[in-house]
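# Working through the structure, step by step
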Amino acid sequence: MTKYTDQGKQDTRSGYGAGMTELGRTNPNVVALCADLIGSLKIETFIEENPERFFQVGIAEANMMGMAAGLTIGGKIPFASTFANFATGRVYDQIRQSIAYSGKNVKICASHAGLTLGEDGATHQILEDIGLMKMLPGMTVINPCDFNQTKAATIAIAEHDGPVYLRFGRPKVANFTPVDQKFEIGKALMLNEGTDVTIIATGHLVWESLLAAESLEKQGISAEVINIHTIKPLDDAAILASAKKTGCVVTAEEHNFLGGLGESVSRVLASHLPTPQEFVATQDTFGESGTPDQLMEKYGLNNKAIEAAVLRVLKRK
Amino acid sequence: MPNTQELQDLVTQVRRDILRMVHKVNSGHPGGSLGCTEFFVALYNEIMDLKEGFDMDGIGEDLFFLSNGHISPVFYSVLARRGYFPIDELNTFRLLDSRLQGHPTTHEGLPGVRVASGSLGQGMSVAIGAALAKKLNGDNHLVYSLHGDGELQEGQNWEAIMYAAGNKVDNLIATVDRNGQQIDGSTEDVLPLGDVAEKFKVFGWDVMEIENGNDLEQVIAGLKEAKTRTGKGKPVCIVMTTEMGNGVDFMMHTHAWHGKAPNDEQLATALAQNPETLGDY
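Residues numbered from 1 in each chain as written. Chains lettered and ligands numbered in written order. Predicted model: local features only at pLDDT ≥ 70, side-chain atom pairs only at ≥ 80, totals over all residues.

We apply this condition: UniProt positions are given in the numbering used here, feature names are shortened, and annotations may be inferred rather than shown by experiment.
The name an unreviewed UniProt entry assigns to chain B is Transketolase, from the organism Flagellimonas alvinocaridis. UniProt's Cofactor (unreviewed entry) comment on chain B is quoted here verbatim: "thiamine diphosphate". What UniProt records for chain B under Sequence similarities (unreviewed entry) is the sentence "Belongs to the transketolase family."

For chain A, the name recorded in an unreviewed UniProt entry is Transketolase family protein, with Flagellimonas alvinocaridis as its organism. As its UniProt record puts it under Cofactor (unreviewed entry), chain A is described as follows: "thiamine diphosphate". In the Sequence similarities (unreviewed entry) part of its UniProt record, chain A is described as follows: "Belongs to the transketolase family."

### A word on the overall build of chain A
Spelled out, the test is: Numbering of helices and strands starts at the N terminus; helices are DSSP runs of H or I of at least 4 residues and strands are runs of E of at least 2. Residues are called buried when their C-beta atom has 20 or more other C-beta atoms within 10 Å, exposed when it has 12 or fewer, and partly exposed otherwise; all C-beta atoms are positioned from the backbone. We call two residues in contact when their backbone-placed C-beta atoms lie within 7 Å.
Counting secondary structure elements, chain A contains 13 helices and 14 strands. Projected onto the principal axes, the alpha-carbon positions of chain A cover approximately 55 × 40 × 35 Å. Within chain A, the fraction of its 317 residues that count as buried is 62%. Long-range contacts, defined here as pairs at least 24 residues apart, represent 81% of the contacts in chain A between residues at least 6 apart.

### Some remarks on the sheet that holds strand S6 (residues 206-210) of chain B
All names here are of chain B. What counts is decided by this rule: When DSSP finds two or more bridges between two strands, those strands count as paired. For helices, the axis comes from a line fit to the C-alpha atoms of the stretch in contact; other axes are also lines fit to C-alpha atoms, and the angle between any two N-to-C directions lies between 0 and 180 degrees.
Pairing within the open sheet is parallel, and its five strands lie in the order S1-S2-S3-S7-S6. Strands at the two margins of the open sheet, each flanked by one partner only, are strand S1 (63-66) and S6. Direction aside, the axes of adjacent strands within the sheet are offset by 20° on average.

### Considering the pairing of strand S7 (residues 164-167) of chain A
Residue and element names in this part refer to chain A. In S7, alternate side chains face the same way, and those of Val164 and Leu166 on one face and Tyr165 and Arg167 on the other are all buried. In terms of strand pairing, strand S5 (residues 107-111) meets S7 through four bridges, oriented parallel. What sits directly across from alanine 110, in S7, is arginine 167. One ladder, built from three bridges, connects strand S6 (residues 140-142) with S7; its direction is parallel.

### What about the environment of alanine 122 of chain A?
Residues and elements named next belong to chain A. You can see alanine 122 is positioned in the loop between S5 and helix H7 (129-134). Residue class for alanine 122 comes out partly exposed when judged on the 15 C-beta atoms lying within 10 Å of it. Through-space distance from the C-alpha of alanine 122 to that of asparagine 85 is 9.9 Å; in sequence the pair is 37 residues apart.

### Observations regarding helix H4 (residues 72-82) of chain B
Think of an α-helix as turning once every 3.6 residues; residues three or four places apart then point the same way. All names here are of chain B. Counted residue by residue, H4 has 10 buried out of 11 residues, so it is predominantly covered. Listed as buried for H4 are Ser72, Pro73, Val74, Phe75, Tyr76, Ser77, Val78, Leu79, Ala80 and Arg81. The secondary structure elements touched by the buried residues of H4 are helix H1 (4-25), helix H2 (30-35), helix H3 (37-47) and S1. Glycine 83 occupies a position one or two residues after H4 and carries a positive phi of about 110°.

### Let's talk about the interface of chain A and chain B
Short version of the rule: When residues are sorted by character, Ala, Val, Leu, Ile, Met, Phe, Trp, Tyr, Cys and Pro go into the nonpolar class, Asp, Glu, Lys and Arg into the charged class, and all the rest, Gly among them, into the polar class.
At the junction of the two partners, chain A supplies 23 residues and chain B supplies 26 residues. Those elements that place two or more of their residues in the side of chain A that touches chain B are helix H4 (61-71) and helix H6 (92-101) of chain A. Element by element, the count of residues in the side of chain A that touches chain B is highest for H4 of chain A, at eight residues. Looking at the side of chain A that touches chain B, its residues break down into 10 nonpolar, 10 polar and three charged.

### Re the UniProt feature "domain: Transketolase N-terminal" (unreviewed entry) in chain B
Mapped onto this numbering, the UniProt entry annotates "domain: Transketolase N-terminal" (unreviewed entry) at residues 10-269 of chain B. Across residues 10-269 of chain B, the secondary structure splits into 38% helix and 12% strand, with the terminal C-alpha atoms separated by 19 Å.

### Let's talk about unusual backbone geometry
Residue and element names in this part refer to chain A. Going from lysine 232 to proline 233, the amide bond is cis rather than trans, its omega being 0°. Of note, aspartate 284 is a non-glycine position whose phi angle comes to about 55°, a positive value. Following the sequence through the fold, aspartate 284 ends up in the loop between strand S14 (277-282) and helix H12 (292-298).

### What to know about the packing of H4 of chain A against helix H5 (residues 123-136) of chain B
Axis angle and axis distance: for two packed helices, these are the angle between their axes and the distance between the axes, and together they describe the pair. Let me state the cut-off plainly: What sets the label is the angle itself: under 35 degrees gives roughly parallel, over 145 gives roughly antiparallel, 65 to 115 gives roughly perpendicular, and the rest give oblique. Helix crossings fall into two classes, left-handed where the near helix is turned counterclockwise from the far one by less than a right angle and right-handed where it is turned clockwise.
Running from amino to carboxyl end, H4 of chain A crosses H5 of chain B at an angle of 45°, the nearest separation of the two axes being 6 Å. Considering their axes alone, H4 of chain A and H5 of chain B lie oblique with respect to each other. Remark: the crossing between H4 of chain A and H5 of chain B carries right-handed chirality. For the pair H4 of chain A and H5 of chain B, contact is made by Asn63, Gly66, Met67, Ala68, Ala69, Gly70 and Leu71 of chain A and by Ser125, Val126, Ala127, Ile128, Gly129, Ala130, Leu132 and Ala133 of chain B, respectively. Taken together, the residues that form the contact of H4 of chain A with H5 of chain B break down as 10 nonpolar, five polar and no charged.

### Overview of the domain arrangement of chain A
All names here are of chain A. Just so we agree on the cut-off: For each domain, the first and last residues come from an automatic or database assignment.
The domain boundaries assigned to chain A delineate domain 1 (10-173) and domain 2 (189-314). Taken over C-alpha atoms, the centre of domain 1 sits 25 Å from the centre of domain 2. Counting from both sides, the interface comprises 27 residues of domain 1 and, opposite them, 31 residues of domain 2. When the residues that make up the side of domain 1 that touches domain 2 are grouped by side-chain class, the tally is 12 nonpolar, 10 polar and five charged.

Listed below in structure tokens is the structure:
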């Protein structure tokens, strides 16, 4: 199978920070807002280099979302950032009315998404954010898989006119996508071609899917691996082409199985090409305290869980 | 600039528009609209520096944000009569396929509306963002906003109030419509607001009052005074006392007409108290 090499573990939030640094230097209309989490969001360099284009709003996320909407009036491109929990559920109505319904060009940039936030526990580990955000008409939803892709996505969404939800995480994970890979919103990436099963993954689960595919190859199972960094708009054509070839699908995400990538994929399949599908996702539960690895193991979100799901779905072909 | 009589005629005509709009569709919010008529007429015809052409890019002109979006009838009437869209379009208020939604939106592309509002408490944050964009752009124009007094019960306002003072957003003039009424009764019965002016003051705003927000000359003088207070390191708040339902005797001194339309007979009575001046739509 196609070989991918970890260039050295890095956190995806640092990819966001690196993207912001570049945008600060290249796009004078980009402004940043943060709700008392500068260090967590890794935007120190942007702030240092562009102090007049940074707005510290304090612990006041609702006001941050409204201010971001207002900053678009006059041509600014606001990147409003905080933890995913506080960037979505806490301020859903502000996003819905002032940003999404109003069609404002705001980038909602959300770190510490999912279980891998770790020890802080379920109060901070949102597993519902993809669902919340994808249901908003006109909202683009992106969940990149590693440092390089998060940096590229951050830069790419500045060029997209419209509201975007960009979701990334806290822990250091494998950084394996090419450093210069162009990020195309809505365009799935084929990571490994296979014939027996399609694994469609997003975020931190993409690397785990590659590990699963390697293991499966040793068992004589050829797994196709697709990186769906954009959950909305979804690359229906890529999903259907692969499902037609392999005849079964596993989706993998660090999110509740209700409302996540898996449901979006199953909608496409049910409408055009009914196909057996297994869901690697949390099962309508809150998280808890623990290390990221412990949590991903306990809640079934790692390469072993993906491999097991593949073996299950193959029996349903 | 129009003279005072012309503006007073416009006030009366806008009141007729409000009443006819809500009557036609038997829904909408006449009370707060009638109470804020002088404010809107003054703001759009005497106070704000507006670009002709209504291109809506938000650059090089004063901006206004209506936070308490339910008083859309007065907003729509004043926008239409200022030239943002055809006056006849007031006929489509709250109808299917209309740009004049029950609460203002940008979604249908109605000129003059810069953000959706109606879910309360969000407008001040948006106004602050727009004011900051003006500062970044080196645009010396001002940002105005209007808020219901009951709306101040929404916590987001206080995040915004704290931000604006703490960050010297001094190109913003936020007006609170202090009519003392909300859907369930008087604001002091539903959830007491206490001394609104004092609250803004202790948060660090420059606060002034318009004692009678239904006296056109007082409103104009108050807004002009507010303009002189901008650019001095503090956001400016106007606490403006109004009478909900002003201009229609049976709609005043009660919260009953917050969100209720008059019937045929009530409309006739109300219109008789506000004779046609500039021509009905």
